[in-house]
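Descriptive structure summary
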Amino acid sequence: MSVIKKVVTLLRGSAREIAENVVDANATRIYEQEIIDAKQSILEARSSLTDVMAREMQSARAVTRLDGEIAHYEGLALEALNKSEEALAEEVAGKVAALEQDLEEQRQAQQSFASQVSQLKELIKAAEAKIREHERQIAIAKTTESVYKATQSISDNIGHSGSRLASARESLERIKQRHEHLADRLQASEQLDRELGEKALASKLAAAGIGQDADRQRQRQVMERIRARQAKPTEGQ
Amino acid sequence: MEQSLRDKLDGLDSIVGTLMGGLAVQLHPIPGPVPVVQVSIEGREELPIYVTCSDSQILCLCYLWNDSEVLTERRTELLETLLDLNPSVPLSSFGRIGDRYVLFGALALNARTADIAEDIAALSDNALDALEALSEFLQ
């Protein structure tokens, strides 16, 4: 049974059941043991593979060498025939026949090593695929279990702390209110800064005799002058 | 595992805080059989992020709402919307654990603290955004 299928079946039950049941301890142990076995068989196959590949290379070299020797002795036999040395040619032909026997044996050995190499490579590939698949299944099972257990812990923790889990709408409202409050405070503080800044600027301008406040100051100066004139005739009398 | 998660989260609070523009971030371990750390972000205390890990991954979770909060008549529409939204939401996916809808981000076990922090910041923003966008489906 695929582990996802098992999770889907368990999802129809309660959350607590999922947390407890998804990792079938026995099945997980079997999978974990199979992973260990597969890893071991990969190690062994790799070591055999290097050995068999080395033997295949040796056979291939022997085949090349024997091909060369056969060609060499056939040349010699031909030369002997050309010199009418029948008996010598016969002897060389015997040597060539023996070399051909060796060649045939080496060719068969090379083929057999080559097929062992491909078998070992297949075996390693299959073992690696098995490991990947088992690890994936264990990961799904353990992740599901872990997520549900974490949720259980979080729920228990909220329960113990006595705080009620607010509804999503309430939470959203509270966060928004807090944000609005913060935004209002920011706006108020900006306004205050602006007002204070404006007041400071106005008084500076007035002091320099510029702007509306400056007009009022001039008006005061005119009034003082008129009052001074009003006072003068009295002084003269 | 517990210790390795704690080591990985060392300094996470300040990185998340910086990523979120200087907000205060607090980490609280949650007792239980699997390692869980609660990440509370200033101003979003109602939407904490939980970080947990299994043998194969680190998971950052944000619980959105319960099945019981979903408007019955709009349930199918909500589920389809969540499926449609899934590929579009950067770094986060919708899911359900028991009867609780979640937004989550998954990271490899060898993720760096900065990667986890980035995922948490994205998750928090996405969760708030999703809650606002999908509250029409809730009671």
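You'll find the structure just up there.
Values in this document were obtained by computation on a predicted structure and should not be read as measured data.

1. Remarks on unusual backbone geometry
In this structure, Ser 84 of chain A takes a positive phi of about 55 degrees despite not being glycine. Relative to the elements of secondary structure, Ser 84 of chain A occurs in the loop between helix H3 (25-82) and helix H4 (86-161). The phi angle at Leu 91 of chain B is positive, at roughly 65 degrees, despite the residue not being glycine. Examined against the element boundaries, Leu 91 of chain B turns out to sit in the loop between helix H3 (75-85) and strand E5 (93-97).

2. Describing helix H1 (residues 3-11) of chain A
Structural remark: α-helix, 3.6 residues per turn; residues separated by three or four positions point the same way. Listing the buried residues of H1 of chain A in full gives Val 3, Val 7 and Leu 10 of chain A. With its buried residues spanning 65 degrees around the axis, H1 of chain A presents them on a single face.

3. So, the nonpolar core
One finds Trp 65 and Ile 120 of chain B to be the most contacted residues of the largest nonpolar core, which totals 42 residues. Setting aside residues no more than four positions away along its own chain, Trp 65 of chain B makes contact with Ala 168 of chain A together with Val 70, Leu 78, Asp 99, Arg 100, Tyr 101, Leu 131, Leu 134 and Leu 138 of chain B. By size, the runner-up hydrophobic cluster in this structure holds 14 residues, among which are Val 147 and Tyr 148 of chain A together with Ile 30 and Val 34 of chain B.

4. Regarding the pairing of strand E4 (residues 57-66) of chain B
All names here are of chain B. Counting buried positions along E4 yields 10 of 10 residues, so the element is predominantly enclosed. In terms of strand pairing, strand E3 (residues 49-53) meets E4 through 4 bridges, oriented antiparallel. Residue pairing in the sheet places Tyr 50 in a bridge with Leu 61 of E4. Between the antiparallel neighbours E3 and E4 lie 3 residues. Bridge count between E4 and strand E6 (residues 100-108): 9 bridges; the pairing is antiparallel. Following the sheet pairing, Ile 58 is matched in E6 by Leu 107.

5. Here we look at the packing of helix H2 (residues 12-19) of chain B against helix H4 (residues 113-134) of chain B
All names here are of chain B. Packing of H2 against H4 leaves a shortest axis separation of 9 Å and a crossing angle of 50 degrees. As the angle between them shows, H2 and H4 are arranged oblique. You can see that H2 and H4 cross each other, and the crossing is right-handed. In this structure, H2 contributes Leu 12, Ile 15, Val 16 and Leu 19 to the contact, and H4 contributes Thr 113, Ala 114, Ile 116, Ala 117, Glu 118, Ile 120 and Ala 121. Looking at the contact of H2 with H4 residue by residue, the classes come out as 9 nonpolar, 1 polar and 1 charged.

6. Describing the environment of Ile 138 of chain A
All names here are of chain A. Along the chain, Ile 138 falls in helix H4. Through-space distance from the C-alpha of Ile 138 to that of Ala 27 is 9.2 Å; in sequence the pair is 111 residues apart. Beyond its immediate stretch of four places on either side in the chain, Ile 138 contacts Thr 28, Tyr 31, Glu 32 and Ile 35.

7. Looking at the side chain of Ser 59 of chain A
Residues and elements named next belong to chain A. Positionally, Ser 59 belongs in helix H3. At a separation of 3.5 Å, a polar atom in the side chain of Ser 59 contacts the side chain of Gln 106. Apart from the residues lying within four places of it in its own chain, the contact partners of Ser 59 are Gln 106, Ala 109, Gln 110 and Phe 113.

8. Some thoughts on the sheet that holds E3 of chain B
All names here are of chain B. In spatial order, the strands read E1-E2-E3-E4-E6-E5; together these 6 strands make up an open sheet with antiparallel pairing. The open sheet is flanked by strand E1 (25-30) and E5, the only strands paired with a single partner. Here the average twist between neighbouring strands, direction ignored, is 30 degrees. Against the sheet, H2 engages E1 and strand E2 (36-41), with an angle of about 140 degrees to E1. This element, H4, spans E2, E3, E4, E5 and E6 of the sheet and lies at about 20 degrees to E4.

9. Re helix H5 (residues 168-207) of chain A
Residue and element names in this part refer to chain A. With 40 residues, H5 should reach 58 Å at 1.5 Å per residue; the first-to-last C-alpha distance of 58 Å fits that figure. For H5, the set of buried residues is Ala 168, Ser 171, Leu 172, Ile 175 and Ala 206. Taken from the residues just after H5, Gly 209 is the one with a positive phi, measuring 75 degrees.

Conventions used here
- Residues numbered from 1 in each chain as written.
- Chains lettered and ligands numbered in written order.
- Predicted model: local features only at pLDDT ≥ 70, side-chain atom pairs only at ≥ 80, totals over all residues.
- Heavy atoms only, no water.
- Helix = DSSP H or I, 4+ residues; strand = E, 2+ residues; numbered from the N terminus.
- Buried < 20%, exposed > 50% of the residue type's maximum accessible area, 1.4 Å probe, protein only.
- Arc of directions from axis to C-beta.
- Core = buried A, V, L, I, M, F, W, Y, C linked by side-chain atoms within 4.5 Å.
- Contact = heavy atoms within 4.5 Å.
- Pairing = 2+ DSSP bridges.
- Axes fitted to C-alpha atoms, helices over the stretch in contact; angles between N-to-C directions.
- Parallel < 35°, antiparallel > 145°, perpendicular 65-115°, else oblique.
- Left-handed = near helix turned anticlockwise from the far one by under 90°.
- Nonpolar A, V, L, I, M, F, W, Y, C, P; charged D, E, K, R; others polar.
- Polar contact = N/O pair within 3.5 Å; in protein donor to acceptor, adjacent residues only side chain to side chain.
- Expected span 1.5 Å × (residues − 1).

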